[in-house]
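# Close look at the chain arrangement
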There are 2 protein chains.
Amino acid sequence: MTYCLGIITRAGLVMASDSRTNAGYDQVNVCRKMHIFERPGERVFVVLSSGSLSLSQSIITLLRRDFDNGAGLATAETMYDAARVIGDQVRHVSDMDRAALEKDDYRFNVHLIVGGQIQGQPHDLYLVYPQGNPLCASEDSPFLQTGETKYGRPILVRGIRYHDTPLEEAAKYALISIDSTMRSNVTVGPPIDVVLYRAGELEVRRRRRLTENDPDLQAVHRQWELALRKAVLELGPIDFDTFGQKAP
Amino acid sequence: MTYCLGIITRAGLVMASDSRTNAGYDQVNVCRKMHIFERPGERVFVVLSSGSLSLSQSIITLLRRDFDNGAGLATAETMYDAARVIGDQVRHVSDMDRAALEKDDYRFNVHLIVGGQIQGQPHDLYLVYPQGNPLCASEDSPFLQTGETKYGRPILVRGIRYHDTPLEEAAKYALISIDSTMRSNVTVGPPIDVVLYRAGELEVRRRRRLTENDPDLQAVHRQWELALRKAVLELGPIDFDTFGQKAP
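For clarity, every value in this text was computed on a predicted model and none was experimentally measured.

### Side note on the overall build of chain A
A tally of helices and strands in chain A yields five helices and twelve strands. For chain A, the C-alpha radius of gyration of 20 Å lies close to 18 Å, the compact-globule estimate for 248 residues. Principal-axis analysis of the C-alpha atoms gives chain A an extent of 70 × 45 × 40 Å. Within chain A, buried positions represent 56% of all 248 residues. Within chain A, counting contacts between residues at least 6 apart in sequence, those at least 24 apart form 64% of the total. Distance between charge centroids for chain A: 2 Å, based on 29 positive and 32 negative side chains.

This is the structure in structure tokens:
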């Protein structure tokens, strides 16, 4: 499994991913799922990949080759075009591998999230499906997730507001969301890669890789649990002594 | 979908369930999923049902018939026996309905949670699978969930401690867990039925049915969101200005 998360606010983007991959229960590895394509001052894309590792590696390899040759993501004029470039590469790999996979009952399973900005264009955030079609985040739905999405969703729903949430605060929500997921699904695990991108920077200036023993990650884990328990204690009392509607 | 939750602590039990049932997306109804079997002073069982409504209705109907006739749950000597009585009824209904369902590609899908106490025995909490076999909660895993379990799990993992959590506090965790689930899955919905059972009471004394507009439920929803956002603000700063390990 995997957990990848992109958050967009008026101020910028937070991109975060775990690093655990597994083939079955007895083959667990560490693998970076965050890939950066950057021409400082001109364009920057942070791509998060989830699903079959073989497929996402092929897609990233082909995207990187084109990018380094001045094609593909290097020439996309808008973030929508960039998402389409990624979707085209998904379809290319699908053409190469899908039939062989399905013959042995494997699904063609790969999802990508791309956040970034091109000079003169607004920063933006997209999800690319295994079929290659893109979905855009919005002011009402200012985050996109792939992989094990459910455990880490309630905190984002309650906390992230496109117009109001500062970038550093959005990063804390991202870490809490990932920490919540890691506690419930052992196939999601550290190191956690996080990028904070402020709109207009056009390069990655703030990035962290938080290992299992990173004091900041441990502090989030510990402080958050204490804060939650305190918050529950401070909730007003709920009256259970008045009998409600009688059950049959 | 459904969300049912049983919590056991040294002090007693919290049993909670939502009330939404749906057949497809366009047939949504309200249905109580909490069923109480009670001989005050002697025994009490709170049964939560999830899965196919037809199947859980059959199981509850047959359990109720036996109980009213002084058999089944009325004669179980331990909570383990009570879970086995429920499992036997699951298998009975499976014998009647499973083949016909599977012929039309429906799964035999029903999960039950039972919490309660029999005079002279400790209070206890079990989950009964569609195959009829029981699973017991434990001091290390002091809650059991069925249905849409993921959204509401992180708060329980962080909060519920068998030896320490007071019953009224466990009830707040249950409401927050259900509220988190309702926000992310529209097939989980109010009214919410909640029972607080203190070990030794041997009858249901504290029960609430919280409708959508119940001021206590709305207060939990509102206060919790405020408390979470405050807690995130109060988390220590995370240093993103030091560059971490360089990504490829």
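Next, the rest of the story.
### Structural notes on helix 2 (residues 79-103) of chain A
Residue and element names in this part refer to chain A. For helix 2, built from 25 residues, the straight-helix expectation of 36 Å at 1.5 Å per residue is met to within 8% by its first-to-last C-alpha distance of 35 Å. Helix geometry: helix 2 is bent most strongly at D97, by close to 50°. Taken together, the buried residues of helix 2 touch strand 6 (43-51), helix 1 (53-68), strand 7 (110-118), strand 8 (124-128) and strand 9 (134-136).

### Regarding the sheet that holds strand 7 of chain A
All names here are of chain A. Read across the sheet, five strands follow the order 5-6-7-8-9 without closing on themselves; strand pairing throughout is antiparallel. Of all the strands in the sheet, just strand 5 (34-39) and strand 9 have a single pairing partner and so form its edges. Across this sheet, the average inter-strand angle for adjacent strands is 20°, counted without regard to direction. Where strand 5 meets strand 6, six bridges bridge the pair, whose relative direction is antiparallel. Paired with I36 across the bridge in strand 6 is V46. Of the strands in this sheet, strand 5, strand 6 and strand 7 are in contact with helix 1, which crosses strand 5 at around 5°. The sheet contacts of helix 2 involve strand 6, strand 7, strand 8 and strand 9, and relative to strand 7 the element is tilted by about 150°.

### Some thoughts on the sheet that holds strand 2 (residues 12-17) of chain A
Two strands in a sheet stick together by hydrogen bonds in their backbones, pointing the same way (parallel) or opposite ways (antiparallel). All names here are of chain A. Spatially, five strands are ordered 10-1-2-11-12 in an open sheet, and the strand pairing comes out antiparallel. The sheet terminates laterally at strand 10 (143-147) and strand 12 (206-210), the two strands that pair on one side only. Across the sheet, the mean angle separating the axes of adjacent strands is 10° when strand polarity is ignored. Bridge count for strand 2 against strand 11 (residues 192-198) is six bridges, and the pairing is antiparallel. Residue pairing across strands places G12 opposite R198, the latter belonging to strand 11. Against the sheet, helix 4 (residues 167-184) touches strand 1 (3-9), strand 2, strand 11 and strand 12, its axis set at about 160° to strand 11.

### A short note on the packing of aromatic side chains
Under the definition given, this model contains four aromatic pairs over all chains. Plain terms: the ring middles of F37 of chain B and F67 of chain B are 5.5 Å apart, the flat faces sit at 80° to each other, and that makes the pair edge-to-face. Placement of the pair is F37 of chain B in strand 5 (residues 34-39) and F67 of chain B in helix 1 (residues 53-68), with a sequence separation of 30 residues. Here the two residues F37 of chain B and F67 of chain B agree in accessibility, since each one is buried. Taking the ring centre of F67 of chain A as reference, the NZ or CZ of R39 of chain A above it sits at 5.7 Å. Over the aromatic face of F37 of chain B sits the side chain of R64 of chain B, whose NZ or CZ is 4.1 Å from the ring centroid.

### Considerations on the packing of helix 1 of chain A against helix 2 of chain A
All names here are of chain A. Orientation of helix 1 relative to helix 2, taken along the N-to-C sense of each, is 140°, at an axis distance of 9 Å. Relative to helix 2, the element helix 1 is oriented oblique. Along this stretch, helix 1 crosses helix 2, giving a crossing that reads as right-handed. Of the residues in helix 2, those touching helix 1 at L55, S58, I59, L62, L63 and D66 are V85, I86, Q89, V90, H92, V93, M96, D97 and L101. Looking at the contact of helix 1 with helix 2, its residues break down into ten nonpolar, three polar and two charged.

### As for the relation of the copies chain B and chain A
Here two copies of a chain appear, and what relates them is a rotation about an axis with a shift along it. When chain B is brought onto chain A, the operation consists of a screw motion whose angular component is 180° and whose axial shift is 0.0 Å, with 0.0 Å RMSD remaining. The symmetry that links the two subunits is that of a two-fold axis. When C-alpha distances to the rotation axis are compared across chain B, the minimum falls at Y151 of chain B, with a value of 2.5 Å. The fraction of interface residues of chain B whose copies in chain A are also interface residues reaches 100%, indicating that both copies meet through the same surface.

### What to know about the interface of chain B and chain A
Listed per partner, the contact involves 55 residues of chain B and 55 residues of chain A. A buried area of about 5900 Å², summed over both sides, lies between chain B and chain A, and 58% of it is on carbon and sulfur atoms. Per-residue buried area on chain B facing chain A is highest for R158, R207 and F240 of chain B; these three make up 16% of the total on that side. Remark: the boundary between chain B and chain A carries six salt bridges. The tally of links from chain B across to chain A stands at 17 residue pairs in polar contact (both at pLDDT 80 or more). Every element with two or more residues in the side of chain B that touches chain A is listed here: helix 3 (153-159), helix 4 (167-184), strand 11 (192-198), strand 12 (206-210) and helix 5 (215-234) of chain B.

### Focus on the pairing of strand 8 (residues 124-128) of chain B
All names here are of chain B. Of all the five residues making up strand 8, five are buried; the element is thus mostly covered by neighbouring parts of the structure. On strand 8, burial covers both faces: D124, Y126 and V128 on one face and L125 and L127 on the other are all buried. Of the pairings in the sheet, the one linking strand 7 (residues 110-118) to strand 8 comprises five bridges and is antiparallel in character. Opposite V114, over in strand 8, you have Y126 as the bridge partner. Between strand 7 and strand 8, which pair antiparallel and follow one another directly, the connecting turn spans five residues, one of which, G120, has a positive phi of 85°. Looking at chain direction, strand 8 and strand 9 (residues 134-136) are connected through three bridges and run antiparallel. When the bridges of strand 9 are listed, L127 appears paired with L135.

Calculation criteria
- Residues numbered from 1 in each chain as written.
- Chains lettered and ligands numbered in written order.
- Predicted model: local features only at pLDDT ≥ 70, side-chain atom pairs only at ≥ 80, totals over all residues.
- Heavy atoms only, no water.
- Helix = DSSP H or I, 4+ residues; strand = E, 2+ residues; numbered from the N terminus.
- Rg over C-alpha atoms; globule rule 2.2 N^0.38 Å.
- Buried < 20%, exposed > 50% of the residue type's maximum accessible area, 1.4 Å probe, protein only.
- Contact = heavy atoms within 4.5 Å.
- Lys, Arg positive; Asp, Glu negative; His and termini not counted.
- Charge placed at Lys NZ, Arg CZ, Asp CG, Glu CD.
- Expected span 1.5 Å × (residues − 1).
- Bend = angle between axes of the 7 residues up to and from the residue.
- Pairing = 2+ DSSP bridges.
- Axes fitted to C-alpha atoms, helices over the stretch in contact; angles between N-to-C directions.
- Phe/Tyr/Trp six-rings, centres within 6.5 Å; stacked < 30°, edge-to-face > 60°.
- Lys NZ or Arg CZ within 6 Å of the ring centre and 35° of its normal.
- Parallel < 35°, antiparallel > 145°, perpendicular 65-115°, else oblique.
- Left-handed = near helix turned anticlockwise from the far one by under 90°.
- Nonpolar A, V, L, I, M, F, W, Y, C, P; charged D, E, K, R; others polar.
- Least-squares fit on C-alpha atoms with pLDDT ≥ 70 in both.
- Buried area = accessible area lost by both parts, 1.4 Å probe.
- Salt bridge = Lys/Arg side-chain N within 4 Å of Asp/Glu carboxyl O.
- Polar contact = N/O pair within 3.5 Å; in protein donor to acceptor, adjacent residues only side chain to side chain.

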